[in-house]
Amino acid sequence: MPRKKPSPQKIEQKQFHVFAPEDIKQSVEIPEKPKPKLKDLETIEKIGKKQAVKKTKKQAVKSDKYILIITEKPQAAGKIAAALSNGTDKKINKPGGVYYYKLERNNKKIIIACAVGHLFSVAQTKKGNTYPVFDIEWKPNFEVRKKDFTKKYYSTIKKLVGNASEIIVATDFDIEGEVIGYNIVRFIAEKKDAKRMKFSSLTAKELQDSYDNALPTIEWGQAIAGETRHFLDWLYGINLSRALMHAISSTGKFRIMSIGRVQGPTLHLIVNREKEIKKFKSTPYWQVFITINNQTNILELKHNKDITKKQNLDKFKKLKNKKIEVTTKKTKQTINPPAPFDLTTLQTEAYKFYSITPSRTLQIAQKLYLAGLISYPRTSSQKIPEGMKPKEILKKLSKFFPKLTENTIRQKPIEGHKSDPAHPAIIPTGQYQKLQEQDKKIYNLIVKRFISCFCDNAELENKKIETEIIYESKSKHGDSELGHDVFIKEKLKFSTRGLEIINSGWMDVYPAKLQEKEIPDLNGEFNIDKIRTEEKQTKPPKRYSPASILKELEKKSLGTKATRANILETLYNRNYIKEKSIQATKLGIRLIESLEKHSPIIINEKLTREIEEDMENIRASRHNLKKKQENTIKKAETSLTKISKDFKKQEKEIGKELVKANEALWEQQKQDNKLGIKCPSCNKGELTIKYTPRFKSYFIACTNYPDCRQTFPLPSHSLIKKTDKICPYCKWPMLLRIKKGKRPWIFCPNPKCESRKDLDLNGNTKKRKPRYFGK
């Protein structure tokens, strides 16, 4: 049967042919559509909203492959993009403020995107708040915390990995950075491994070398050690904190409390020091001085021992007008320049010179690193490898610090004994920009420390003037009647010291708390003209400062260089400690006392130290990493199971103790907040500092509330602290305002005070209303 040809009209209208049943097995010829022209491909169609280029063009984009580099911070992404493209990179902005960079290097397309820190968190696999719980996994942050800002970064990377020919991890080269990259590679890119860029500064040359010589795999030791640390911190932190809160809830009360595997031992150290101070009973002691004179020189020498019994002072009175022989001894001392900074030393020095807290110092150092001004700050190294080209850095710094660099004489810088397999010491990169306030102080401190490593040794002359007096005393030996006199000879040594700086060397560059003391050269016979005694009191042990507690934690191998400052901040935030001269609160003391009694393993330094050693072994290993991880976690689970059993047996008793501890804290805070002056309104209550969570501000109120409703406003959105100063105008106690971005302000809270006449509530000069005179 002959084939029916469809009419042209039917083809044009329907674009297909309808067959009769008898024709079902026959084929039909449909005219071929003409190929689109280039002009048509570039046409933008409008269907409702503006849409993308036609499908043909989309397919062409999808076929383009590129290398995807993942960084930890947006600033690092920008620095790497600029370095690899020589400034020809293109910034691609996406909705929500997310952006990435496109560029070409060696005829290869590259995209650089950032992860803004961790995109994943450790979380329970099932909901619940019981303890102990060991079923945990990594989950995206936005699944763990509602409205988490990292979701848009997660989504951007998810889209970009699809067309990536290879992935290079360029996060910070430490255990945290490795975990960030490792999680992106396996959970978002769904790959087993990736290449790794290793760099210690964000200078163009180092970033280019790092890319050209990228490691073939991620640093597996760091990745598994970092993951293990996250798992252990979660297991200890959540289970121990839940144990505390369950104990409190068993009494019908509620209070958020936390303790962790490093928090516990750290708080224990501070509480022990607090108890030593409270137990300490001051006792008197005396220091004895003699004044010598040879008609030309007069000098005071001090007895080399403190006298603890007052009756022993009598023998010194007999020394007056005695002739003595005096000698002067001189010794030369050479002091090498200080080693370059590791993180802990930078934090302690910043606190010593500028009172900048360790956590703030780390924040500033991280900011300087991302600006390309210093090398990576989270390091325990005091080494400066030749690959960092320290002489070139010194030459660059000479343009900005000419007076400092003119003191350099060494070809190679001084180094310390500490080392770090991942990074060198904290040093400047040679780049410079104008900085403000604390940023400038920390940067200049790092620069001075680095330059001083090239300087000459400091040479000192120590001078010691001393004398030795033979004192004879008589006593009876044996029976008082039949006994005989015995003469006892005793050597009494007196001395004074002087110091002269012969060659200041590196001390002309880096600040050194060393004072010269000039004393004359004295030799020969002198006369004792005067005897002087000075009574003093023994002092209790010093409280830890934020810097000294960090040194103590490093010495005891508790926590890491990167986490110690945060642990201290957590103890402050939980009201376990207070003040810069660290003082344990009643809550902190009673918490430790309760744990000592019921579960001492929680605050055991040895357990924490063993865990740190296990994780360091994982980091340094190359084989059986997962097996070592499993063993370390299993050990922790066994320990936590035992702790939980002990806690549950004594839950109510522990709960009652913790409730009392919280009540003691509230009472202590009430007393601490009182200003020590009567309310001017009712003359019965006492003025005290209060806080309103609703407005997130402090104010002054009367303790006689609700009978007295007198209040005084205080600067808003600020931290308000008491001081030991009294207003010279009205005798009210003065307060300290601390506000981000503002200088600390000591002020009188009395609104009627003369000192406040021209100032508003925030310390700004009041704007005077304009005066008008007629028309």
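Because the structure is predicted, anything quoted here is derived from the model rather than measured.

1. A word on the packing of aromatic side chains
- Following the criterion strictly, the structure yields 19 aromatic pairs and no others.
- Geometrically, the ring pair formed by Phe 149 and Tyr 153 is edge-to-face, given 6.4 Å between the ring centres and 80° between the ring planes.
- On the accessibility criterion, Tyr 153 (11% relative accessible area) is buried.
- Through successive ring pairs, a cluster of aromatic residues spans Phe 120, Phe 142, Tyr 154 and Phe 187.
- The ring of Tyr 182 is capped by Arg 186, whose NZ or CZ atom sits 3.8 Å from the centre of that ring.
- Sitting over the face of the ring of Tyr 544, Arg 273 holds its NZ or CZ atom 4.2 Å from the ring centroid.

2. Some words on the pairing of strand β24 (residues 733-738)
- Counting buried residues along β24, five of its six residues qualify, which places the element largely inside the surrounding structure.
- In this structure, strand β23 (residues 719-726) lies alongside β24, joined through five bridges in antiparallel fashion. Bridge pairing in β24 places Ile 726 opposite Pro 733.
- Between β24 and the antiparallel strand that follows it, strand β25 (residues 745-747), lie six residues; Gly 741 among them carries a positive phi value of about 80°.

3. So, the pattern of salt bridges
- Summed over the entire model, instances satisfying the criterion amount to 44 salt bridges.
- Between Lys 275 and Glu 596 there is a salt bridge, with the nearest N and O atoms lying 3.9 Å from each other. Taken together, the residues Lys 275 in helix α10 (residues 263-279) and Glu 596 in helix α19 (residues 586-598) connect sequence positions 321 residues apart.
- Residue Lys 275 is classed as partly exposed on the basis of its relative accessible area of 25%.

4. Structural notes on the nonpolar core
- The biggest cluster of nonpolar side chains holds 149 residues, and the ones touching the most others in it are Leu 68, Ile 69 and Ile 112.
- Per element, the largest residue contribution to this core is 13 residues, and it comes from helix α9 (residues 220-249).
- Discounting chain neighbours no more than four positions away, the residues touching Leu 68 are Ile 111, Ala 113, Leu 160, Val 161, Ala 164, Glu 166, Ile 167 and Ile 168.
- The next biggest cluster of nonpolar side chains, apart from the first, holds 21 residues, and it includes Leu 313, Leu 319, Val 326 and Leu 522.

5. Digging into the sheet that holds strand β21 (residues 697-702)
- One open sheet accounts for four strands, arranged β19-β20-β21-β22; its pairing is antiparallel. At either end of the open sheet lies a strand with only one pairing partner, and these are β19 (674-678) and β22 (711-713). Taking the axes of each pair of neighbouring strands and ignoring which way they run, one obtains an average angle of 30° across the sheet.
- Bridging between β21 and β22 involves three bridges; their strand directions are antiparallel. Across the sheet, the residue bridging to Phe 699 is Pro 713, located in β22.
- Across the sheet, helix α22 (residues 651-673) is in contact with β19 and β20 (686-692); its angle to β19 comes to roughly 50°.

6. Comments concerning the pairing of β21
- As paired elements, β20 and β21 share six bridges and run antiparallel to each other. Across the sheet, residue Tyr 691 finds its bridge partner in β21, namely Tyr 698.

Thresholds, definitions, all that
Residues numbered from 1 in each chain as written. Predicted model: local features only at pLDDT ≥ 70, side-chain atom pairs only at ≥ 80, totals over all residues. Heavy atoms only, no water. Phe/Tyr/Trp six-rings, centres within 6.5 Å; stacked < 30°, edge-to-face > 60°. Buried < 20%, exposed > 50% of the residue type's maximum accessible area, 1.4 Å probe, protein only. Lys NZ or Arg CZ within 6 Å of the ring centre and 35° of its normal. Helix = DSSP H or I, 4+ residues; strand = E, 2+ residues; numbered from the N terminus. Pairing = 2+ DSSP bridges. Salt bridge = Lys/Arg side-chain N within 4 Å of Asp/Glu carboxyl O. Core = buried A, V, L, I, M, F, W, Y, C linked by side-chain atoms within 4.5 Å. Contact = heavy atoms within 4.5 Å. Axes fitted to C-alpha atoms, helices over the stretch in contact; angles between N-to-C directions.

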